[in-house]
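# Architecture and fold: a report
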Amino acid sequence: MGFARTCSVALVGVEGVVVEVQADLEAGVAAFTLVGLPDKSLVESRDRVRAAIVNSGAEWPQKKLTVGLSPASVPKGGSGFDLAVAAAVLGAAERIDPRTIADLVLIGELGLDGRVRPVRGVLPAVLAAADAGYKQVVVPEQTAGEAALVPGVSVLGVRTLRQLIAVLADEPVPEEAPHEDGRPDPMLAGLLVPGAGVGTGLAAAPADDPLDGRPDLADVAGQHTARRALEIAAAGSHHLLLTGPPGAGKTMLAERLPGILPPLTRQESLEVTAVHSVAGILPPGEPLVHRPPYCAPHHSATMQSLVGGGNGLPRPGAVSLAHRGVLFLDEAPEFSTKSLDALRQPLESGHVVIARAAGVVRLPARFLLTLAANPCPCGRHTLLGSGCECPAAVIRRYQARLSGPLLDRVDLRVAVEPVTRSDLLGQGGRGEASTTVADRVHEARARAATRLADTPWSVNSEIPGHELRTRFHAAPGALAAAERDIERGLLTARGLDRVLRVGWTIADLAGHDRPQADDLALALELRTGIARGVPVAAGEWT
C-alpha cells in the first residue's frame, strides 16, 4: 500500500482555499475513485491524469486508487487540480519521493499528451497559498509571471508533466519543443473566455502611447462644464450622471474618463488582476494590470451579468470587472429597474455579496459609476424647437427608471448641452489634452493622500460622513447654502455627505487647505442642478 499527499487551491469567487490532495494505493481490482465534492469537470480529470501519466513515460499503477480532496465540504471545480492529482498518484506509486511533494502547491490542467495547460485564477490561488504559509508553487509555464507577482513564494513553471517528474526525481530535465512563432498558441485557450474581454478596456496599446491607447479628452469639442465634472469625478472617485440629447457627446466624455485616472497602485493592481484572472479576461503576456479598467455593458445586460452570478458558485460580474476603474452604463434608463437597483449596495460598500445554493461569495466592487441618459425616449425634450412629442406621463415614467435611491448615491449630475457650431468647427480652440488634466488629477489625489495618510481611506469619496462633519471641517460659513437646501428638502443627509466629499475634491484641485464657500457652492450646483452663481470654466482652477 502506498500513500502520498500534496496541495492545490480551490477558488471561491476571487478567494482561494488550500485543498490537500491525497492519493492512496491498495491491493484490489484496478479502479480510480475521486472523492471530496468534485464537479463534472473535476471528475473528468481521472481520464486526463491517466493518459498524461502514461504518455509521459511513467507506469500507471494497476491497483485500487483512491484520490481524496480535503476539506470535503468545500465545492471544487475546474481542471486546475490535474497536476496535483497526477503528482499525488506518482508519489503513492513511488515514482517520485512523496516527501518532495508534501509541501508543494500544484496548479494546472493536463493534456492527454502530458502537456501542462494554463488555467484561470492563478494569481488569487497563489495568494491563498502564500497566506496559508506555503513557500513553493508549481504552475504552467505560461502563467509563471502571474504567479511570481506574489512575494515570498518560489515559483516553478513547467511545460510538461515529464519536466515536473524529472525535477522532483532529481533527474535530467528533458527539453521540450518550443512553440512556433507566428502561430496562435493553443495552450493559451484556457486563459481567455471568448468575448469576455469586450468593453473592458484591456486591449494592448502601443508602447509609445502615453494614454495607453485610450481616447484623448482633447477630441471633445466644447462641453466645459462636463469636462470639469469629469475632472472632479476622477480626482475624488465620485459617481457621475450625464444627461443630454443624443449626439451631445455623453458617451465620448465617458470613454475618456479612464484616461485621466491615475495608474493603479501595487495593491490595487493585484486586486484587479486577481478578478480579471478568475474572469478569464487577463491578456496573455500582461500578468499585472496597471491601468484602471473600463467596463461598458450593453443595456440588455441582466442583473446577474452586472453584479455576478451563474450556475454553481457565482462568477464576477461587470461591477467586479470594473473594480478600481470605471463602470459606464450608456442609455442607463434602458437597463432594467431590477438591474439598476442592484447597484445600490456595492456603490456604498465597495463589494458585493452573492448567495447561491452552492455557497456565498464576496466579490470586490469599488468602481466609479458613470451614467448617461437622454431626457426622454426621443431625446429631444430639452431642445428648443425640437418637436418632442413625448407625453408628459411618458417622460416622467422614462426618467423614473433611474430611481431616487440610486440617484442619491450619484455625486455629480451634469446636463450636457448640444455642441455649438463654433465649438464643433474648432473656432473656440482645442480643449485640454488628457495628459494635462491627468496631471491635475494626480496632484489633487496626492493632496488628499497626504491628508488621509493616517486613515484607512485614500480618496475623498471613501470618507464616512461622520468623519467629514467632525474631523475634516470646511471653512466657517461655507455650509450655509447646504444647510438651507436640507431645510427645504432639496438635500438628504447622504446628499450632504456627498456634497462635502465633492467640496473637498474641488478644494484639492484648487489648492485650498479646506473647502471654501465657492467650493461647496460648485459641489451643490453639480449635485442639484440649481445654478449657484459659480463660474465653471475649463482650464486651471482658480
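Residues numbered from 1 in each chain as written. Predicted model: local features only at pLDDT ≥ 70, side-chain atom pairs only at ≥ 80, totals over all residues. Heavy atoms only, no water.

### A word on the sheet that holds strand β11 (residues 294–295)
What counts, and what does not: Pairing between two strands is assigned when DSSP locates at least 2 bridges connecting them. Under the scheme used here, helices are H or I runs from DSSP no shorter than 4 residues and strands are E runs no shorter than 2 residues, and both carry numbers assigned from the N terminus. By definition in these notes, contact holds between two residues if any of their heavy atoms fall within 4.5 Å. Under this scheme, a helix contributes an axis fitted over its contacting stretch, all axes are lines through C-alpha atoms, and angles between N-to-C directions fall in the 0 to 180 degree range.
In space, the five strands of this open sheet follow the order β11-β12-β15-β10-β16, with parallel pairing throughout. Edge positions in the open sheet fall to β11 and β16 (412–415), since each of these has one partner strand only. Strands in contact with helix α8 (residues 224–236) are β10 (240–243), β15 (368–373) and β16; relative to β16, the strand with the most contacts, it is inclined by about 165°.

### Overview of the packing of helix α5 (residues 122–131) against helix α10 (residues 266–279)
Condition: Here the word oblique covers every angle except those under 35 degrees (roughly parallel), over 145 (roughly antiparallel) and from 65 to 115 (roughly perpendicular). Note on residue categories: nonpolar means Ala, Val, Leu, Ile, Met, Phe, Trp, Tyr, Cys or Pro, charged means Asp, Glu, Lys or Arg, and polar means any other residue, Gly included.
In contact at an axis separation of 7 Å, α5 and α10 are set at 120° when each is read in the N-to-C sense. When the interaxial angle is binned, α5 and α10 end up oblique. Contacts from Val122, Leu123 and Pro124 of α5 reach α10 at Leu270, Thr273, Ala274, Ser277 and Val278. Looking at the contact of α5 with α10, its residues break down into six nonpolar, two polar and no charged.

### Some points on the nonpolar core
Note the cut-off: Buried Ala, Val, Leu, Ile, Met, Phe, Trp, Tyr and Cys residues that are joined via side-chain atoms within 4.5 Å together make up what is termed a nonpolar core. Summary of the burial criterion: residues with accessible area below 20% of their type's maximum are buried, those above 50% are exposed, and those between are partly exposed, where the area comes from a 1.4 Å probe applied to protein chains only.
Membership of the largest hydrophobic core comes to 52 residues, with the highest contact counts inside it found for Ile232, Leu240, Leu257, Ile260, Leu412 and Val414. Every residue in contact with Leu240, bar those within four places of it in the chain, is listed here: Ala229, Leu230, Leu369, Thr370, Leu371, Val410, Leu412 and Val414.

### Some details on the side chain of Ser403
Our working rule: As used in this structure description, the phrase polar contact means that two N or O atoms lie within 3.5 Å; if the pair is within protein, one of them must be able to donate a hydrogen and the other to accept it, and residues adjacent in sequence are counted only when both atoms belong to side chains.
With respect to the helices and strands, the residue Ser403 is situated in the loop between α15 (392–399) and α16 (404–407). The exposure class assigned to Ser403 is buried, which follows from its relative accessible area of 12%. A polar side-chain atom of Ser403 sits 2.9 Å from a polar atom in the side chain of Asp341. Beyond its immediate chain neighbours, meaning those up to four positions away, Ser403 contacts Asp341 and Arg344.

### Quick word on the environment of Ala23
With respect to the secondary-structure elements, Ala23 resides in strand β2 (residues 15–26). Overall, the relative accessible area of 0% leaves Ala23 in the buried class. Sequence-wise, Ala23 and Ala87 are 64 residues apart; in three dimensions their C-alpha atoms are separated by 9.1 Å. Sequence-distant contacts of Ala23, defined by excluding residues within four places in its chain, comprise Gly2, Phe3, Ala4, Leu65, Thr66, Val67, Ala88, Val89 and Ala92.

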